[in-house]
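Analysis of the macromolecular model
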Amino acid sequence: MTSTRVTIRAGDSSATVEWQPDPQDARTTIVQVDGEREPLRVERLQSGTYRVTQGEQSWPVYAAATRDACWIFVNGRVLTLEVSSERGHRRSSVGAHEALSAPMPATVIKILVEAGQAVKKGDTLILLEAMKMELPVRAPGDGTVAAVRCREGELVQPGTALLEFE
Amino acid sequence: MTSTRVTIRAGDSSATVEWQPDPQDARTTIVQVDGEREPLRVERLQSGTYRVTQGEQSWPVYAAATRDACWIFVNGRVLTLEVSSERGHRRSSVGAHEALSAPMPATVIKILVEAGQAVKKGDTLILLEAMKMELPVRAPGDGTVAAVRCREGELVQPGTALLEFE
Amino acid sequence: MGSITRLLIANRGEIARRIAAACRELRIESVAVYSEADVESPHRLAADRSVLIGPPPAADSYLSIGRIIDAARKSGADAIHPGYGFLSENAAFAAACEDAGLIFVGPSAPVIERMGSKIEARKLAASAGVPVVPGGTPGDQTDDGIRQEALRIGLPVLVKASAGGGGKGMRTVRTEAELAGAIPAARREALAAFGDGTLYVERLIDHPRHVEIQVFGDDRGNVVHLFERECSVQRRHQKIIEESPSPVLTPAVRDRMTAAALAASREVGYRNAGTIEFLLDGTGDDARFYFLEMNTRLQVEHPVTEAVTGVDLVRAQMAVASGHGLPWRQEQLTQRGHAIECRIYAEDPANGFLPQAGPLLLYREPVRPGVRIDAGVIEGGQVSVYYDPMLAKLIASAESRDAAIARATSALRAYAILGIRTNIPFLLHLLEHPAFRAGQVDTGFLDRGDARFDPQAQDESLPAAALAVAAALGEPSAAPRDAGARDARATTDPWELLAGWRG
Amino acid sequence: MGSITRLLIANRGEIARRIAAACRELRIESVAVYSEADVESPHRLAADRSVLIGPPPAADSYLSIGRIIDAARKSGADAIHPGYGFLSENAAFAAACEDAGLIFVGPSAPVIERMGSKIEARKLAASAGVPVVPGGTPGDQTDDGIRQEALRIGLPVLVKASAGGGGKGMRTVRTEAELAGAIPAARREALAAFGDGTLYVERLIDHPRHVEIQVFGDDRGNVVHLFERECSVQRRHQKIIEESPSPVLTPAVRDRMTAAALAASREVGYRNAGTIEFLLDGTGDDARFYFLEMNTRLQVEHPVTEAVTGVDLVRAQMAVASGHGLPWRQEQLTQRGHAIECRIYAEDPANGFLPQAGPLLLYREPVRPGVRIDAGVIEGGQVSVYYDPMLAKLIASAESRDAAIARATSALRAYAILGIRTNIPFLLHLLEHPAFRAGQVDTGFLDRGDARFDPQAQDESLPAAALAVAAALGEPSAAPRDAGARDARATTDPWELLAGWRG
């Protein structure tokens, strides 16, 4: 499981943050913020709504992204943050999430890989169908299929992990 | 512009309804309910929220679909409706919308057709990229591209028409 | 007693959220507890912290004294609010809090224990001069002894087993002639059911109404009342609609009833928020009332009192629990306007009111002046089979009863809940029922079937707007994330899983 | 006059939704009007019907008497509610309604006209015995004549052009010595600005507070007051926070002020809801007050009155407009508890309070006891540059002023609005300001910079939870539908587009 480092800026302040998907839960990201003792768990609840947990403490956080910034609401504060990856890419074009999920409600029509199989970036792993279109789910990079979490014929929802990839 | 006829059932009641996308507005569907003088315009506002307009009158309508039924809330009533197409297909597997839109926030990486061009069912019309995956937008049937509504490099949102098809 | 800095909320659902909101206003840190079934529940996020206390069954989580006290210790809480239901009327829990050095937001353990015993509570009420339903266990248990007692109490009466409950061996006697047959029959059934033929005779209250008085006491011997709530709209003893003022209480009876409630509260040395429930017999200034029981906690229906009196009962609970005196003198308290609470249950009125579980595919609350929603759920959440099926309470307040009914009706018509069935159609049916409109509902009204709800008799037409949206629902982005995850009607019967809950 | 069956709401935003909600409760059909900029606006959906009235500029839509009357005719409405702003204080509009046979929910056209003229209104107040700010245009316009008048009125005074307004040619004179220089200077400036050197002398009210009295009259000569609202928290004469009761009005001054408001209302034969605004000078029982103006309509801040009195002003407006008598006698009206309204504006407190336009990417209202939200927007909507930048009003009511402030603060902290900047950080700053807490704010407080809001001085730390979510925001399904559609800060300066609006 690899993690991604990003730099987050707001005005003159900035912070370095490292994140990785939670292998147990496709909706959850585990984030280590520089200078924090404990990592934070970010769970997506509903559109724009997140629960962030750090030990016993938790915060409801609302977020929305525009082309230029992430708008974040937490504890009565609104922040507009700019996120950039260590490699200088805009965050929005990085985002290779290791738990792959369906982008929309869709039917799994074919699973082309199995757990343990090595795949190359761009390989088609799963074929979905929705709106009469076939949607190939492709490997975000070279790696190994850790687990397949769907079966052919299943109707899947966005946000549900289809397979895990490492 | 072709329309689709469906039969809608709730308990012992049923109705026949004909619908087609509004060529002017990808978020809107024009629906003729049997026995109604005037067609109804259904505009999708937010997730699960619709505005239905018939002349001066309008209703906020909430809807959610499960595998088995559409749950609809209107005027304080909750209805669970079953929808089937005239050809006996389940509604959810028909749904070839004539205004094609992106299934998720994505970048248009290539437009492969132009207005007026004849295409065959399954032809790839547009290539999108999101989550490092390529998503082909394919023709839902044989027909003609009426208009292209996006440009290469554009970041598009779900529900925004990419092209119109007839 | 000392000031509260971090409070553990030993509850879930709407009341946990309501208490957490009060904590934020008081700048008290709040700690939620949650079972494994409530990992996703919104009450967790309403608090500053949350602690997992056990598996879904309430006995192993919300009803476990040990686990709750452990959670309080672990999170550094100095006080516990029990909400209603669960451990809120458990004297052992109140005592355990005290033993652990935690402030229990409620009355003392001995008071909870005493008022929790029906017999003790009845004795206490009687000794405070509060009317109780006339009745007793005659010393002379011969047929004639029972007969004499029945006539002394006055017909109609109930003749029932002294030993048991639940209606076994119970006979309703309306005329003297019926007594001769009823007494031996009741004795035989009592013997068969409880091995004890001793009989109890009690005045039968026909068509009683349920009217309760909110009381509040502090550590300094002050007690006030906050007027009445009428809760006669009940199904199987479950309250559905509550209101204040009562549509039938006259000022004279209100004065007598509140005085009785204060007398009983003083007699027991009551502290914090409590409710004295009465049966009201008759209308007008001659109406009689009888002590039913005392609830030694905040009630589900406390918002109607908050609406008509303008006070914040939870805030006052915290103040009194911190050792402050009552925030009000009796003469400062007023009852103004009218408030009606409707309990929104996940249950199917078209199918025997079977509790529903499943996903809240869509959940949109009405937002408008004079409407308060206390909800335990959010869109996208799951209603589990483990706990009470109450989703939310809608409280409408207005200048008059008619305006409050119109407001509640209009708001319920705009309350969109999809994915599971709710009792909203039934609530609308009740609010529009002529008997309810006229204020003529007694506690047996629903169980007698006087307001029979026939969903088939409802408007059968399919509204064109609904048909149009169903047809247009082709856009997959319209389907919520959890759509199709579960079919509410496919879940198993949850009646059995609701033990341990008191509304 | 007759009963209203279908009412056209000649407004938009939160007030249109609030009126539509009242109509539903009264079972009156409602008709919304909307401009081309408001096709998507939620006020359209709040009504039973909606009619397009014109292009975005208010002059061609919401301010067009002809288009509004046409829309009413076309939709079969029999009454019009003007809301506030737009045509609500336009006598010609009220007259046009009458000519078209439509009930105008408000006072008669002559009353609107009379109270709309500052000079006429001042005369009327004076003739009703209501104090006006002492002042006048001396017949003797020599330096000495002006000087005598200034001394007669009493220092400090304002010496200003009689012909114009807007501060041109205005001189503040605090000592007699200053008069000699100030009078010729003011005359020269008046001449230069207005071609007329006539001077007006008026008592200067230092640090006045804005306190207003809600009044209500019917067709039968009854007039009542519903106590005061204090609206001293203003920026450039725009109210930001309103409350009731005023934190400084003593019972004696309240009695005098409400009596003055009733006298003025009776003098003009006032019908329906109105507000008499006063300047309050000083505190304690000796405080003086002066008539400022009368607003012949419902106010933006009417919910604070509804909260403390428990009445529904819009419902009462409909009743009185239908020819019914007032629903209350004066002695039935009480003021209980405390309510505070915060206006949520789309404006950037960190950037000169520049109005903002753009998409509401996310919009979540706090839902909790004692908090009312009247909003004109919904998530996913657009805030356009054409109209007033007020998004919503948050009204917190509680038992005391401190509790209401705590409630408002806590609710504002939970009010999530993303996509455009709002004044919520500034509101929180004000609610926590010691001067506001102490009730020591006058109308010049904000413009003097006494509550300077320095966003840079706010907490600069980036909360870990925010950083974590920003990092995790990779899931594309997390991005709302309209994300990226517009950048709020990229829109053009909307100051110029706000003409025709009165808050």
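Residues numbered from 1 in each chain as written. Chains lettered and ligands numbered in written order. Predicted model: local features only at pLDDT ≥ 70, side-chain atom pairs only at ≥ 80, totals over all residues. Heavy atoms only, no water.

**A closer look at the overall build of chain A**
Check the secondary structure of chain A and you find 0 helices and 16 strands. Sorting the 166 residues of chain A into buried and exposed places 58% on the buried side. Taking as baseline every contact in chain A between residues at least 6 positions apart, the subset at least 24 positions apart corresponds to 38%. (Helix = DSSP H or I, 4+ residues; strand = E, 2+ residues; numbered from the N terminus. Buried < 20%, exposed > 50% of the residue type's maximum accessible area, 1.4 Å probe, protein only. Contact = heavy atoms within 4.5 Å.)

**Considerations on the pattern of salt bridges**
This structure, assessed with the given rule, holds 97 salt bridges over all chains. Taking the shortest distance from any N to any O, the salt bridge between B:Arg51 and B:Glu43 comes out at 3.0 Å. (Salt bridge = Lys/Arg side-chain N within 4 Å of Asp/Glu carboxyl O.)

**Considerations on the interface of chain D and chain A**
With 36 residues of chain D at the interface, the matching set in chain A holds 47 residues. Summed over both sides, the interface between chain D and chain A buries roughly 3,600 Å², with carbon and sulfur atoms accounting for 67% of that surface. There are 0 salt bridges connecting chain D and chain A. Looking at the side of chain D that touches chain A, the elements with two or more residues in it are strand S19 (362-364), strand S23 (416-418) and helix H15 (464-472) of chain D. Broken down by element, the residue count for the side of chain D that touches chain A peaks at 9 residues, all from H15(D). (Buried area = accessible area lost by both parts, 1.4 Å probe.)

**Digging into the domain arrangement of chain A**
All names here are of chain A. Entries for chain A in the domain assignment read domain 1 (4-89) and domain 2 (99-165). Contacts between domain 1 and domain 2 engage 5 residues on the former and 5 residues on the latter. Together domain 1 and domain 2 conceal approximately 320 Å² of surface at their shared face, both sides included; 50% is due to carbon and sulfur atoms. Looking at the side of domain 1 facing domain 2, the largest losses of area belong to Pro 21, Pro 23 and Ala 26, adding up to 77% of the total buried there. Remark: the boundary between domain 1 and domain 2 carries 0 salt bridges. Per-class residue counts for the side of domain 1 that touches domain 2 are 3 nonpolar, 1 polar and 1 charged. (Domains from an automatic or database assignment. Nonpolar A, V, L, I, M, F, W, Y, C, P; charged D, E, K, R; others polar.)

**Notes on the packing of aromatic side chains**
All chains considered together, the criterion is met by 22 aromatic pairs over all chains. Seen from their ring centres, C:Phe86 and C:Tyr387 are 6.4 Å apart, and the 80° between their planes marks the pair as edge-to-face. Highlighted residues: C:Phe86 in the loop between strand S4 (79-81) and helix H4 (91-99) and C:Tyr387 in the loop between strand S21 (382-383) and strand S22 (390-398), separated in sequence by 301 residues. For C:Tyr387, a relative accessible area of 4% corresponds to the buried category. Taking 5.4 Å as the distance between ring centres and 85° as the angle between the ring planes, the aromatic pair formed by D:Phe216 and D:Trp328 counts as edge-to-face. Of this pair, D:Phe216 sits in strand S10 (residues 209-217) while D:Trp328 sits in the loop between helix H11 (313-321) and strand S15 (338-345), placing them 112 residues apart in sequence. Among the residues examined, D:Trp328 registers a relative accessible area of 7% and is labelled buried. Taken together, the ring pairs in this structure connect C:Tyr62, C:Phe86, C:Tyr386 and C:Tyr387 into an aromatic cluster. Here the basic side chain of C:Arg44 rests over the ring of C:Tyr34, its NZ or CZ set 4.2 Å away from the ring centre. When the ring centre of D:Phe353 is taken as reference, the NZ or CZ atom of D:Arg235 above it lies at 3.7 Å. (Phe/Tyr/Trp six-rings, centres within 6.5 Å; stacked < 30°, edge-to-face > 60°. Lys NZ or Arg CZ within 6 Å of the ring centre and 35° of its normal.)

**Remarks on the environment of A:Gln24**
All names here are of chain A. For Gln 24, the location among the structural elements is in the loop between strand S2 (13-21) and strand S3 (28-33). By relative accessible area, Gln 24 is classed as exposed at 65%. Along the primary structure Gln 24 and Ile 111 are separated by 87 residues, whereas in three dimensions their C-alpha atoms are 21 Å apart.

**Structural notes on helix H5 (residues 109-116) of chain C**
Since there are 3.6 residues in each turn of an α-helix, residues three or four apart along the chain are aligned in direction. Residue and element names in this part refer to chain C. Among the residues making up H5, those that are buried are Ala 109, Val 111, Ile 112 and Met 115. Buried residues of H5, seen end-on, are gathered within an arc of 165° and therefore sit on one face of the element. Of the exposed residues in H5, those oriented more than 90 degrees away from the buried face are Pro 110 and Glu 113. Taken together, the buried residues of H5 touch H4, strand S5 (103-104), helix H6 (118-127), helix H9 (251-268) and strand S14 (288-295). (Arc of directions from axis to C-beta.)

**Some details on the environment of B:Arg5**
Residues and elements named next belong to chain B. Tracing the backbone through its elements, the reader meets Arg 5 in strand S1 (residues 4-10). For Arg 5, a relative accessible area of 32% corresponds to the partly exposed category. Expressed as a C-alpha distance, the spacing of Arg 5 and Val 33, which sit 28 residues apart in the sequence, is 9.8 Å. Of the polar contacts made by the side chain of Arg 5, one reaches the side chain of Glu 18; its length is 2.6 Å. (Polar contact = N/O pair within 3.5 Å; in protein donor to acceptor, adjacent residues only side chain to side chain.)

**A few points about unusual backbone geometry**
The omega angle of the peptide bond from C:Leu155 to C:Pro156 is -5°, so this bond is cis rather than trans. Here C:Pro156 is to be found in the loop between helix H7 (143-153) and strand S7 (157-161). A cis amide bond, omega -5°, links C:Ser244 with the succeeding residue C:Pro245. Its place among the elements puts C:Pro245 in the loop between strand S12 (238-244) and H9. Within the chain, A:Asn75 stands out as a residue other than glycine whose phi angle is a positive 50°. The phi dihedral of C:Phe86 is positive, around 45°, even though this residue is not glycine. Accessibility expressed as a relative area gives 10% for C:Phe86, which makes it buried.

**Side note on the sheet that holds strand S14 (residues 143-148) of chain A**
Residue and element names in this part refer to chain A. Read from one edge of the open sheet, 4 strands run S9-S16-S14-S11, paired in antiparallel fashion. The sheet is open, and its two borders are formed by strand S9 (99-101) and strand S11 (118-119), each paired with just one other strand. The sheet contact formed by S9 and strand S16 (residues 161-165) spans 3 bridges and is antiparallel. Pairing of Leu 100 across the sheet is with Leu 163, part of S16. (Pairing = 2+ DSSP bridges.)

**Quick notes on the pairing of strand S20 (residues 371-375) of chain C**
Residues and elements named next belong to chain C. Among the 5 residues that make up S20, 5 are buried, leaving the element largely enclosed by the rest of the structure. Of the two faces of S20, the one holding Val 371, Ile 373 and Ala 375 and the one holding Arg 372 and Asp 374 are both buried throughout. Of the pairings in the sheet, the one linking S20 to S22 comprises 5 bridges and is antiparallel in character. Across the sheet, residue Ala 375 finds its bridge partner in S22, namely Ala 392.

**Some points on the sheet that holds strand S14 (residues 288-295) of chain D**
All names here are of chain D. Read across the open sheet, the 8 strands follow the order S14-S13-S10-S11-S12-S15-S22-S20; overall the sheet is antiparallel. Every interior strand has two partners, whereas the edge strands, S14 and strand S20 (371-375), have only one. Averaged over all pairs of adjacent strands, the angle between strand axes in this sheet comes to 25°, irrespective of strand direction. Packing against the sheet, helix H10 (residues 302-309) makes contact with S10, strand S11 (223-235), strand S12 (238-244), S15, S20 and strand S22 (390-398), and its axis sits at approximately 155° to S15. (Axes fitted to C-alpha atoms, helices over the stretch in contact; angles between N-to-C directions.)

**Concerning helix H9 (residues 251-268) of chain D**
All names here are of chain D. Here H9 is 18 residues long and its end C-alpha atoms lie 26 Å apart, about the 26 Å a rise of 1.5 Å per residue gives. Those residues of H9 that sit buried are Val 253, Arg 254, Met 257, Thr 258, Ala 260, Ala 261, Leu 262, Ala 264, Ser 265 and Val 268. The elements touched by buried residues of H9 are helix H5 (109-116), helix H6 (118-127), S10, S11, strand S13 (272-281) and S14. Remark: Gly 269 follows H9 within two positions and exhibits a positive phi of approximately 70°. (Expected span 1.5 Å × (residues − 1).)

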